[in-house]
Amino acid sequence: MKRSMMLTSLLLLLFAPFLIAQSTIPVPNTDNGQRKFLLTGFGNTNFVAGEHGNSTFNVAFSPVLLWKVNDRIFFEGEYEFELEDGGTKVGLEYAQIFYVVNDYVTFG
């Protein structure tokens, strides 16, 4: 089990820069040629092995979603997927919606 988790995290670390660099989801362009949706994020891994203690291994991936609903409404959210001690945790780190009133006022 730990060997497969270590292999998975190693592959994630090796290929994550390429995956993140190509992470824009292909959606139809808007009238001005800009994208309305972007998927980006980050990941990390941690392995600790003490001389006389138990070893620990953690892997986490946090995708960040950016969505332009229209010219005045924007959404941003971050989720977290974490492998820790044989279990999986999924959580919503944050989610925000912004409404642009004018060039000087934005509600969030």
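Residues numbered from 1 in each chain as written. Predicted model: local features only at pLDDT ≥ 70, side-chain atom pairs only at ≥ 80, totals over all residues. Heavy atoms only, no water.

Let us now look at the confidence of the model for the chain. Looking at the chain as a whole, its pLDDT mean stands at 75, while 67% of the residues score no less than 70. Mean pLDDT across the elements of the chain ranges from a minimum in helix α1 (residues 2-21), with 51, to a maximum in strand β5 (residues 106-107), with 90. Across residues 18-24, where pLDDT falls below 50, the model places nine contacts with residues more than four positions away in sequence or in other chains. (pLDDT = per-residue confidence, 0-100. Helix = DSSP H or I, 4+ residues; strand = E, 2+ residues; numbered from the N terminus. Contact = heavy atoms within 4.5 Å.)

Moving on, we get to the pairing of strand β1 (residues 37-49). Within a regular strand, side chains alternate between the sheet's two faces. Two elements, β1 and strand β2 (residues 55-68), share 13 bridges in a ladder whose sense is antiparallel. Pairing of phenylalanine 47 across the sheet is with phenylalanine 57, part of β2. Here β1 hands over to β2 after five residues, the two strands then running antiparallel side by side. (Pairing = 2+ DSSP bridges.)

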